[in-house]
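# Working through the structure, step by step
For reference, the chains in residue letters:
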Amino acid sequence: MSMLRLSFINFRNGFKSYLSLVLSLSFSILILFNFQNMIYSETFAVLGQRNKQYIDMLIQTVSIVLLCFLFFFVWYATNVFLTRRKREIGIYIFMGMSNRKIGSLYMIEISFVGITALAAGIGFGALFAGLFQMVMGAVADTEIEVRFGISIKPVVLTVVFFLAVYVIFVLKGYWNIVRSSVLSMISAARQNEYVQTKSAVLFIKAAAGILVLAVGYFLANKGSRSDLLGNALLAVVLVMIGVYLLFGGLIPLFFQMLAGQKSFLYRRQRCLWVNQTIFRMRKNYRTYAMVCIIGICSATALATGFAMRERYHNMMVFDNQYTFQFLTNQQGLGAQAAALIQGETEIACQTSLTALSVDAEHLVLSYSEVKRAAQESGGVAGLRAPADDETYYLSHQILMSLIAGSERIPVRLGDMVFQETEVIREPYIGYMQEAMGCFYVVSDTAYEELRQGSEMLYIYNYKIADNTAFERARAAADVLISNTDENFTARVAVNPFDKELEWVKVLCALCIFMFLVFIVAGGCIMFMKLYNDSYEEKERYLVLKKIGLSPQTLSRSIAHELSGAYMLPFAVLAVSAYFSVNALGKMMQTDLFSVYLVSMLVVLLVFVLCYGCSVVMYRKNVGV
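Residues numbered from 1 in each chain as written. Predicted model: local features only at pLDDT ≥ 70, side-chain atom pairs only at ≥ 80, totals over all residues. Heavy atoms only, no water.

### Thoughts on the overall build of the protein chain
Threshold: Secondary structure follows DSSP: runs of H or I at least 4 residues long count as helices, runs of E at least 2 residues long count as strands, and numbering of each begins at the N terminus. Note on definitions: a residue-residue contact is assigned when non-hydrogen atoms from the two residues lie within 4.5 Å. The accessible surface values rely on the Shrake-Rupley method and a 1.4 Å probe; as for residues, cover is taken only from the protein chains in view.
Scanning the protein chain for helices and strands turns up 21 helices and nine strands. Once local pairs closer than 6 in sequence are excluded, the contacts in the protein chain between residues at least 24 apart make up 84%. Surface accessibility of the protein chain: about 27900 Å² in total, with carbon and sulfur atoms responsible for 63%.

Following this line, the structure appears as structure tokens:
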């Protein structure tokens, strides 16, 4: 029998054991292929060249992240399946096969897995490419041009990217087998992550894990000063270390203490699964920690996408507070501007303010004027009155700002010095806050003092009722500007149909897809590990059945044991993700609690589905 035929028979007979790996790889390949297809199919060209460049860059960045994850996922998965097959492969040595031939047999067999996953991923990716684009557009809430055609370039790139990762571990498995001894192959099925650990060591790891996690959680939510970003980055590292120590120390120690309580252990047949849970936690803690960290990162990435989308919404509200704004030294210009605009469309809202040009760099507004204009426009009106020696700087909404809070700094306005106590990013005077970048709010008393020797300027703001009349209204406003000395009049026009930042909504959609990919892959990692462990437990359950335990009792024991394997990582994930998402919300100045709840519900749903599959396959493999 040829090596190719024997490898194919082994692959066909053991396909069920490879199924979770094939499905996980296929799903990742499907996402990777559709990302590449969207780039080369010009799906987002309708949003403009600049948006398309940003989106293409985001998709390529996400593709790199996906490839990095795929690298480690394939590394882990091939190691798990190689360990399980080594005992079977070792038997071939007694049949007279050399290590090199056995290695070639494994390499061909695992290649069938990769080819199957690649064909399924690209096949289903091509089949649902149009649907994927429609879903992406719907999630991003943006208009895109759905293209159902498939070009050859994304297919080639996907194949090259995947094979570049997969071939590395095919060759690694071959090299591992070639260098292995007969004894190591036969005993490989009993080798795992488990290292015998004394209770004292567990206690030290548990204490260190609690301490490191506590410091990480504290830094992630420490105040709202300008060092919040540095604290958050340090917290990420500490939480990852803490999670690893938690699964390696505290959780096994906790169950070990429960096992020492005889009144607990021997009630309701807990002895059947509590000790096994201890063993499983101490054996597979690296896997559980890895899945937990993947979940934390995924939930945080999802929250980042929604935080960016919230920033985008705030920027749109900010920029579109008014459609037209004029800054001039001519007091009667407002009536002329209103008449010209009303000649094209109704004015939904209009306000006016006076400002002081105290020097070449600063314009000063009085608190009462700003508050009145905000009330008239129906916008933000919750501004606190500044003290006579305080000033507020009117800034603008920016897409990415990870510094929450500000410090008191001195600002010279004319001949007076004020303490800048707040940087306000609410649209009190609309887009002009961003266009001019020099507005300060002072108390009414300070404003009157600054009037002496300052030039008086007038700000006129208009929001049109019919956005489709924007171009006509802008042309009318330009006529007014052309008849005015440009040295004394400035005009701001905000196009309500501008799509310059549409790429931000696509970023949110990408974050959602990546969240789903990583969470599904994390659940598959858990399933693969428990599926592999089930073959080690066949003898134990055979003995339990022989001493008279019923299949119903053993089934309940399996259900309890595996529930701990899934729910303990979920519990740690949920707590850690809460602190990470909360810290991100503080940095981005956005309430992300609802995003956190939704992400945890999705994670729980995926884990419950994987748990159900694990219980069914576990019972089948151990013969219960």
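### Some words on the side chain of Thr328
To keep it simple, the criterion reads: Under the scheme applied here, a residue whose accessible area is under 20% of the maximum for its type counts as buried, over 50% as exposed, and between as partly exposed, the area being computed with a 1.4 Å probe on protein chains only. Pairs of N or O atoms are called polar contacts if they sit within 3.5 Å, as long as, within protein, a hydrogen donor faces a hydrogen acceptor (for residues adjacent in sequence, only side-chain-to-side-chain pairs).
In this fold, Thr328 is placed in strand β1 (residues 324-328). Judged by its relative accessible area of 0%, Thr328 is buried. Of the polar contacts made by the side chain of Thr328, one reaches the backbone nitrogen of Gln330; its length is 3.0 Å. Contact partners of Thr328, with chain neighbours within four places excluded, come to Leu333, Leu457, Tyr458, Tyr460, Phe488 and Thr489.

### A closer look at the pattern of salt bridges
Test applied: Salt bridge, as used here, is a side-chain nitrogen of Lys or Arg placed within 4 Å of a carboxyl oxygen of Asp or Glu.
Counted according to the given criterion, the structure contains eight salt bridges. Across the salt bridge formed by Arg451 and Glu448, the nearest N and O atoms sit 3.8 Å from each other. With a gap of three residues between them, Arg451 and Glu448 both fall in helix α16 (residues 444-451), about one helical turn apart. With its nearest N and O atoms 2.8 Å apart, the salt bridge here joins Arg474 to Glu471. In this pair, Arg474 and Glu471 both sit in helix α17 (residues 470-482), three residues apart, roughly one turn of the helix. Connected through shared salt-bridge partners, Glu369, Arg372 and Glu376 make up one network.

### Digging into the sheet that holds strand β4 (residues 390-394)
Note the cut-off: A pair of strands is labelled paired if DSSP reports no fewer than 2 bridges between them. For every element, the axis is a line fit to its C-alpha atoms; helices are fit only across the contacting stretch, and the angle between N-to-C directions ranges from 0 to 180 degrees.
On the basis of which strands lie adjacent, the open sheet formed by nine strands has the order β5-β6-β4-β7-β3-β2-β8-β1-β9 and mixed pairing. Of all strands in the sheet, those bounded by a partner on one side alone are β5 (409-413) and β9 (489-493). Across this sheet, the average inter-strand angle for adjacent strands is 35°, counted without regard to direction.

### Quick look at the nonpolar core
Threshold: Only buried residues count toward a nonpolar core. Its members are Ala, Val, Leu, Ile, Met, Phe, Trp, Tyr and Cys residues joined through side-chain atoms within 4.5 Å.
Leu25, Phe35, Met136, Val243, Phe247 and Met600 are the most contacted members of the largest nonpolar core, which totals 119 residues. Broken down by element, this core gets its largest block of residues, 22 residues, from helix α18 (residues 502-534). Not counting residues within four places of it along the chain, the set of residues in contact with Val243 comprises Leu213, Ala289, Cys292, Ile293, Ile296, Val572 and Ser576. Among the nonpolar cores identified, the runner-up in size contains 23 residues, and Leu327, Tyr367, Val370 and Val441 belong to it.

Any link to function would need more than the numbers given here.
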